[in-house]
Number of protein chains: 2
Amino acid sequence: MRFEVSILGSNGAVPLAGRHSSAHFLSSEATDVLIDCGEGTQMRLQAAGHGLGRVEVILITHLHGDHFFGLPGLITSLALTGRTAPLRIVSPPGLREKIAPLLELDRWQLPFPLTFVPHAARAYGLLTTTGDLEIFSFPLRHRISTNGYLVRERAREPNILKEQVRALAIPWQEIADIKAGADYTTPDGRRVPNAELLAPASPPRSYAYCSDTVYFPELASYVRGVDLLYHEATFLHDMAEEAREKGHSTAHEAAVTARAAGAGTLILGHFSSRYPQVNDHEAEARAIFPQSYAARDLYRYGVPHVGRDAQK
Amino acid sequence: MRFEVSILGSNGAVPLAGRHSSAHFLSSEATDVLIDCGEGTQMRLQAAGHGLGRVEVILITHLHGDHFFGLPGLITSLALTGRTAPLRIVSPPGLREKIAPLLELDRWQLPFPLTFVPHAARAYGLLTTTGDLEIFSFPLRHRISTNGYLVRERAREPNILKEQVRALAIPWQEIADIKAGADYTTPDGRRVPNAELLAPASPPRSYAYCSDTVYFPELASYVRGVDLLYHEATFLHDMAEEAREKGHSTAHEAAVTARAAGAGTLILGHFSSRYPQVNDHEAEARAIFPQSYAARDLYRYGVPHVGRDAQK
């Protein structure tokens, strides 16, 4: 079951040739979600081999240009290439007002329904669903209103144990009841408890996107137990003061949050252009949280099932 | 003496991963000029090894997104990286209104003076000068108001012939007068005509940018004798009708204009995404105008001096 993230851009405010502005593409079994859309995202999508055909929702964290300046071009290209499916864009309030003049949205009709959903997260909560995914939002602390997002697979039904179905010759008419929790009684009157008939489904996998934000302890509670945590690490920790002043985090702080949250894996990103190499970010974070990786543009990170599936 | 053009994007409306939206970077001995600024131009500039440090003027042909959606990110990055030098952006009217909300220009003060110069060319004429360059504008015929631009080196002073200075032992005090056209009289009264003392300077080189436009015969008169002609060729000629309907040209038509203008070299660009390869564009144009080349992203085209310098 697919659940993987393509990093389309890992750089901070001023993009570099090989490290573009922020954008992630999350791909699950049933749908795709685009998170942030810095300048050039449409070209990065092509370079990564992705299209927006399955995307129903774009999530924008905040209205700084390096997180949304790719939207006008993306929307234009969708219009020119014949999209008809509806598209929702969730962001803090004000996005439509900023890009409507560029796209002349009040003058022309796009060939697909485009809905802007103004949303400033004030607490952790379910935002929406799309395909097989549930999307939660929560507040980050940056210079302007900023949302973090957590995307989780919907809980799956438990799996019926096929060997039991075969051994007990359970009629197919009984399966739905058993899946819903019923025990099974054999024709000769023996009662088989439900727990012996079902195996729990793989726990839903999750991914969280935290950029841009200063370090704050409550963030760990929003992303508790997340499998894959993307957290900005604009600076190294020797610039912790500048990070705080500018509304950003250090690699060390990202790792502290990952550890406190009990995350599976931490990916660092949104690097300042002052760092041509980001090995030091990785090392700094690993000292706190060993499963830390510096994001690389155009890399895909698959999220494994923990527990039984991970042991396969 | 440098006079070369970097193609930062050669594709039409919907960019491809390797063929970006329109942008050219013209570099002369004394200055640089950016012409059009499609999405991702700032990353393409970095990939090509160029900066905007010497750029005083950006020329935008028209207000379709693939020709200017890179401006907000570019301007933001200039602001973030400490530019203080003034910058002018020439375009058909309406550009400021389109991007001011995105950049919050009415709320924030940029750290450098940014001037929008609304200009809809109605005839061929001198638009402005920058460094050692003169910039001319002329009307193209597209679906909306569109300017073509021609950039030419300023005329240089003729060169004084050093062998004559030496042979005649001309005192340095006389040089300025001679350069201004005076004859020279030797101490023994012999008059040496000016023409024997000066060699004409290399003729100014020129480059013209014609995108987007339908074919129209008058265009050749605007770019008469240009050394390097960049002309859009969105389609091949079997789609001439569609080209005209959409306000575009074919490779054949671009070549007809280049031939009629007596251009030195033709570069074709602004290719439709329907053509993954553009060899056929090159072949179609060469049948009419042999010195035709399909633009390639990130290639540089030097403009040679014709005549004596070219023979070096």
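What counts, and where the lines are drawn
Residues numbered from 1 in each chain as written. Chains lettered and ligands numbered in written order. Predicted model: local features only at pLDDT ≥ 70, side-chain atom pairs only at ≥ 80, totals over all residues. Heavy atoms only, no water. Contact = heavy atoms within 4.5 Å. Buried area = accessible area lost by both parts, 1.4 Å probe. Salt bridge = Lys/Arg side-chain N within 4 Å of Asp/Glu carboxyl O. Helix = DSSP H or I, 4+ residues; strand = E, 2+ residues; numbered from the N terminus. Nonpolar A, V, L, I, M, F, W, Y, C, P; charged D, E, K, R; others polar. UniProt positions renumbered as here; feature names shortened; annotations may be inferred. Polar contact = N/O pair within 3.5 Å; in protein donor to acceptor, adjacent residues only side chain to side chain. Phe/Tyr/Trp six-rings, centres within 6.5 Å; stacked < 30°, edge-to-face > 60°. Lys NZ or Arg CZ within 6 Å of the ring centre and 35° of its normal. Buried < 20%, exposed > 50% of the residue type's maximum accessible area, 1.4 Å probe, protein only. Pairing = 2+ DSSP bridges. Axes fitted to C-alpha atoms, helices over the stretch in contact; angles between N-to-C directions. Domains from an automatic or database assignment. Least-squares fit on C-alpha atoms with pLDDT ≥ 70 in both. pLDDT = per-residue confidence, 0-100. Right-handed = clockwise from strand over helix to strand, strands pointing away.

1. Quick notes on the interface of chain B and chain A
Part 1 of the reasoning: Facing the 31 residues of chain B at the interface are 31 residues of chain A.
Part 2 of the reasoning: For the pair chain B and chain A, the summed buried area comes to about 2,400 Å², and 64% of that belongs to carbon and sulfur atoms.
Part 3 of the reasoning: Summed over the three residues of chain B that lose the most area to chain A, namely Glu39(B), Met43(B) and Leu102(B), the buried surface amounts to 29% of that side.
Part 4 of the reasoning: Its salt-bridge partner being Lys98(B), residue Glu104(A) comes within 2.3 Å of it at the nearest N-O pair.
Part 5 of the reasoning: Elements supplying a minimum of two residues to the side of chain B that touches chain A: helix H1 (41-48), helix H2 (71-80) and helix H3 (95-103) of chain B.
Part 6 of the reasoning: Here the side of chain B that touches chain A is built from residues that sort into 16 nonpolar, 11 polar and four charged.

2. Here's the deal with the UniProt feature "binding site: Zn(2+) 1" (unreviewed entry) in chain A
Residue and element names in this part refer to chain A.
Part 1 of the reasoning: Those residues carrying the UniProt feature "binding site: Zn(2+) 1" (unreviewed entry) are His62, His64, His142 and Asp212 in this numbering. Across 151 residues, the annotated set stays spatially compact, with a maximum C-alpha separation of 10.5 Å.
Part 2 of the reasoning: By secondary structure assignment, the location of His62 is in the loop between strand S4 (55-59) and helix H2 (71-80).
Part 3 of the reasoning: Excluding anything up to four places from it in sequence, His62 contacts Asp36, His67, Phe68, Pro92, His142, Ile144, Ser145, Thr146, Ser211 and Asp212.
Part 4 of the reasoning: There is a polar contact of 2.8 Å between the side chain of His62 and the side chain of Thr61.
Part 5 of the reasoning: Here His64 is to be found in the loop between S4 and H2.
Part 6 of the reasoning: Excluding anything up to four places from it in sequence, His64 contacts His142, Arg143 and Ile144.

3. Brief notes about the packing of aromatic side chains
Where two aromatic rings form a pair, the distance of their centres and the angle of their planes describe that pair.
Part 1 of the reasoning: Tallied over the entire structure, the rule returns 14 aromatic pairs over all chains.
Part 2 of the reasoning: It is Arg83(A) that lies over the ring of Phe112(A); its NZ or CZ is 5.8 Å from the centre.

4. Notes on the pattern of salt bridges
Part 1 of the reasoning: Summed over the entire model, instances satisfying the criterion amount to 30 salt bridges over all chains.
Part 2 of the reasoning: Here Lys179(A) and Glu157(A) are joined by a salt bridge, their closest N and O atoms 3.7 Å apart. Remark: Glu157(A) occurs in the loop between strand S9 (147-153) and strand S10 (159-160) and Lys179(A) occurs in helix H5 (residues 175-179); sequence separation between them is 22 residues.
Part 3 of the reasoning: Note on Glu157(A): relative accessible area 55%, which makes it exposed.
Part 4 of the reasoning: One salt bridge in this structure joins Arg141(B) and Glu218(B), with 3.2 Å as the shortest N-O distance. In this pair, Arg141(B) is assigned in the loop between strand S8 (133-140) and strand S9 (146-153) and Glu218(B) in the loop between strand S14 (206-210) and helix H6 (219-222), connecting sequence segments 77 residues apart.

5. What about the sheet that holds strand S5 (residues 87-91) of chain B?
Residues and elements named next belong to chain B.
Part 1 of the reasoning: Strand order in the open sheet formed by seven strands is S6-S5-S4-S3-S2-S1-S18, with mixed pairing between adjacent strands. A strand with exactly one partner marks an edge of an open sheet, and here the two such strands are strand S6 (114-118) and strand S18 (300-302). Adjacent strand axes in the sheet meet at a mean angle of 20 degrees when their direction is disregarded.
Part 2 of the reasoning: In the sheet, strand S2 (residues 23-28) pairs with strand S3 (residues 32-35) via four bridges, with the strands oriented antiparallel. The residue bridging Ser27 from the neighbouring strand is Asp32, located in S3.
Part 3 of the reasoning: Against the sheet, H1 engages strand S1 (3-9), S2, S3 and S18, with an angle of about 130 degrees to S1.

6. So, the side chain of Ser137(A)
Part 1 of the reasoning: Within the secondary structure layout, Ser137(A) lies in strand S8 (residues 133-139).
Part 2 of the reasoning: A polar contact is formed between the side chain of Ser137(A) and the side chain of His119(A), at a distance of 2.7 Å.

7. Some remarks on the sheet that holds strand S7 (residues 125-130) of chain B
Backbone-to-backbone hydrogen bonds pair the strands of a sheet. The strands run either parallel or antiparallel.
Residue and element names in this part refer to chain B.
Part 1 of the reasoning: One open sheet accounts for seven strands, arranged S7-S8-S9-S14-S15-S16-S17; its pairing is mixed. Where the open sheet ends on each side, the last strands, each with one partner, are S7 and strand S17 (292-294). With direction set aside, neighbouring strand axes in the sheet form an average angle of 20 degrees.
Part 2 of the reasoning: The sheet contact formed by S7 and S8 spans five bridges and is antiparallel. Bridge pairing in S8 links Thr128 to Ile135.

8. Regarding the domain arrangement of chain A
Part 1 of the reasoning: By the assigned domains, chain A splits into domain 1 (3-156 + 202-311) and domain 2 (159-198).
Part 2 of the reasoning: Taken over C-alpha atoms, the centre of domain 1 of chain A sits 43 Å from the centre of domain 2 of chain A.

9. What about the relation of the copies chain B and chain A?
Part 1 of the reasoning: It takes a turn of 180 degrees to lay chain B on chain A, together with a shift of 0.0 Å along the axis; the resulting RMSD is 0.1 Å. In short, the pair behaves as if placed about a two-fold rotation axis. Of the C-alpha atoms belonging to chain B, the one lying closest to the rotation axis is found on Gly40(B), 2.5 Å away.
Part 2 of the reasoning: The overlap is high: 100% of the interface residues of chain B also sit at the interface in chain A, so the same surface is used on both sides.

10. Topic: the confidence of the model for chain A
Part 1 of the reasoning: Of the residues in chain A, 98% reach a pLDDT of 70 or more, and the chain-wide mean stands at 94.
Part 2 of the reasoning: With pLDDT under 50 throughout, residues 307-312 of chain A is counted as low confidence; its partners more than four residues away or in other chains account for five contacts.

11. Points about the environment of Gly18(A)
Residues and elements named next belong to chain A.
Part 1 of the reasoning: Inspection of the secondary structure puts Gly18 in the loop between strand S1 (3-9) and strand S2 (23-28).
Part 2 of the reasoning: For Gly18, a relative accessible area of 48% gives the class partly exposed.
Part 3 of the reasoning: As for Gly18 and Val303, which are separated by 285 residues in sequence, their C-alpha atoms are 24 Å apart.
Part 4 of the reasoning: If near-sequence neighbours (up to four positions away) are discounted, Gly18 is found in contact with Arg44 and Asp297.

12. Quick word on unusual backbone geometry
Part 1 of the reasoning: Residue Asp212(A) follows Ser211(A) across a cis peptide bond; omega there is 5 degrees.
Part 2 of the reasoning: Here Asp212(A) lies in the loop between strand S14 (206-210) and helix H6 (219-222).
Part 3 of the reasoning: Of note, the phi angle at His270(B) is positive, near 55 degrees, even though the residue is not glycine.
Part 4 of the reasoning: By relative accessible area, His270(B) is classed as buried at 1%.
Part 5 of the reasoning: The phi torsion at Leu298(B) lies on the positive side, around 75 degrees, for a residue other than glycine.
Part 6 of the reasoning: Relative to the assigned elements, Leu298(B) resides in the loop between S17 and S18.

13. Here we look at helix H1 (residues 41-48) of chain A
All names here are of chain A.
Part 1 of the reasoning: Of all eight residues in H1, six are buried, a share of seventy percent or more.
Part 2 of the reasoning: Within H1, the full set of buried residues consists of Thr41, Gln42, Met43, Arg44, Leu45 and Ala48.
Part 3 of the reasoning: Gly49 sits one or two positions beyond H1 and adopts a positive phi of about 80 degrees.

14. Points about the pairing of strand S6 (residues 114-118) of chain A
Residue and element names in this part refer to chain A.
Part 1 of the reasoning: Judged from the five bridges that link them, strand S5 (residues 87-91) and S6 form a sheet pairing that is parallel. Note on S6: the bridge partner recorded for Leu87 is Leu114.
Part 2 of the reasoning: Following the backbone out of S5, through helix H3 (residues 95-103) and into the adjacent parallel S6, one traces a crossover that is right-handed.

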